[in-house]
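# Analysis of the macromolecular model
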Amino acid sequence: MKVVLQNLTKVFPSRNKKTQDDVIAVNDFTFEIPDGQLIGLLGPSGCGKSTALNLICGLQTPTSGKIYFDDVDVTDLPPENRGVGLVFQNYALYPHLTVMQNIIFPLQNLKGNQKLSKTEMQDKANEVAALVQIGELMERKPNELSGGQQQRVAIARALVKMPSVLLLDEPLSNLDARLRLQTREELRRIQRETGITTIFVTHDQEEAMSISDMIVVMRSGIVEQIGKPQDVYDSPENRFVATFLGTPPINQFTGRISQGSLFVGDDEIFKTNDILDQPVYVGIRPEGFIIDENGPLHCKLHNIEVMGRDFSVITSHEASINPTIRSIVSTDSAASLQSDVINFSIRPEKLFVFAQDTEKRIIV
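Residues numbered from 1 in each chain as written. Predicted model: local features only at pLDDT ≥ 70, side-chain atom pairs only at ≥ 80, totals over all residues. Heavy atoms only, no water.

Moving on to the domain arrangement of the protein chain. Under the domain assignment used here, the protein chain contains domain 1 (3–240) and domain 2 (251–362). Centre-to-centre separation of domain 1 and domain 2, based on C-alpha positions: 39 Å. At the junction of the two partners, domain 1 supplies seven residues and domain 2 supplies twelve residues. When domain 1 packs against domain 2, close to 900 Å² is buried across both sides, 40% of that on carbon and sulfur atoms. At the boundary of domain 1 with domain 2, the tally comes to one salt bridge. Between Arg-239 and Glu-359 there is a salt bridge, and its shortest N-O distance comes to 3.1 Å. Here domain 1 is connected to domain 2 by six residue pairs in polar contact (both at pLDDT 80 or more). Grouping the constituent residues of the side of domain 1 that touches domain 2 by class yields two nonpolar, two polar and three charged. (Domains from an automatic or database assignment. Contact = heavy atoms within 4.5 Å. Buried area = accessible area lost by both parts, 1.4 Å probe. Salt bridge = Lys/Arg side-chain N within 4 Å of Asp/Glu carboxyl O. Polar contact = N/O pair within 3.5 Å; in protein donor to acceptor, adjacent residues only side chain to side chain. Nonpolar A, V, L, I, M, F, W, Y, C, P; charged D, E, K, R; others polar.)

What follows is the structure, encoded as structure tokens:
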């Protein structure tokens, strides 16, 4: 099922009696989600991603704009008629029902020629339970399950009607780190096996990048950038996207372009194209640093963290926006880490320059 969002906007009335300013949760969101793909809506808390999900499933009505499933306008269609499955952050399982009863609950509301017999409902429940690997838990109740198992039950319940679109609202945020990694791999497997168009909301950029076919980066209701995860990481369109994506986060500096060169503090680190002289922000990914005794960027060494095959080198620089600079270098560079001052060369593809006034990226 292809999902098309056309100039989608959602405005909530202000609750602040002093300012009376309305809250624009989603602002002119236009995007086409291809059939059978997993799309990550990514952004910080309050950016509008969950509101966008609620608009798609029909729990909220847009202030303006249209929503299409394939070529059918579903903007005013009730949620139960949209053919969507929704998995909430808190699982929302019925505590007094068994796993089997939780899964078949959506099927009990089918009417007319869609109505199923008890045996048919159980067969469908067993089918999706096998898909999410909880077949042995069908007689248990939610309080007898781990967090990961409860999450799988919630996914099975959303899948049992074989929805045209599966919507996941931060489904992994209540799991511990190891279980979160395992469950996101399971989500990707399930999505590929079913081929259901899936929209996945998260604030965790690593989570979104690892399983999504495409990501939509949002801020304050506005779509900042859309693209394949690696493409967005490698070519951010503005400073916000560059700083939001990446673990460890990108290192930021104040800098300037002057007479064909890029300066960070007094260090001339890069020759630029024909660009007007101006103050800029400079971003360098942690993996973009190369220890080089003749390197143009001079940083004061503070600490070295051993990470197995790599070192995390903690330094500082007078022009750094962050208190410290974190660079990831190979263990082969250990012999070069003997001085109080470390010189770095910079990988050009890991260096990004942004105008200070607009924070838009400047191609240097």
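Text resumes after the structure shown.
Taking 1.5 Å per residue as the helical rise, helix 3 (residues 118–131) with its 14 residues ought to reach 20 Å, and the 20 Å between its terminal C-alpha atoms agrees with that figure. Buried residues in helix 3 make contact with helix 2 (99–104), helix 4 (147–159) and helix 5 (177–194). Looking at the residues trailing helix 3, positive phi occurs at Gln-133, about 60 degrees. (Helix = DSSP H or I, 4+ residues; strand = E, 2+ residues; numbered from the N terminus. Expected span 1.5 Å × (residues − 1).)

By secondary structure assignment, the location of Glu-32 is in strand 2 (residues 23–33). Among the residues examined, Glu-32 registers a relative accessible area of 45% and is labelled partly exposed. Here the alpha-carbon distance between Glu-32 and Val-4, two residues 28 residues apart in the chain, equals 4.4 Å. (Buried < 20%, exposed > 50% of the residue type's maximum accessible area, 1.4 Å probe, protein only.)

Attention now moves to the pattern of salt bridges. Counted by the stated rule, this structure contains twelve salt bridges. Between Lys-49 and Glu-170 there is a salt bridge, with its nearest N and O atoms 4.0 Å apart. Of the two residues, Lys-49 sits in helix 1 (residues 49–57) while Glu-170 sits in the loop between strand 7 (165–169) and helix 5, which places them 121 residues apart along the sequence. Take Glu-170: its relative accessible area is 10%, and that puts it in the buried class. The residue Arg-219 makes a salt bridge to Glu-224 at a minimum N-O spacing of 3.1 Å. For Arg-219, a relative accessible area of 31% translates into the label partly exposed. Linked through salt bridges whose partners overlap, the residues forming this network are Arg-152, Glu-186, Arg-189 and Glu-193.

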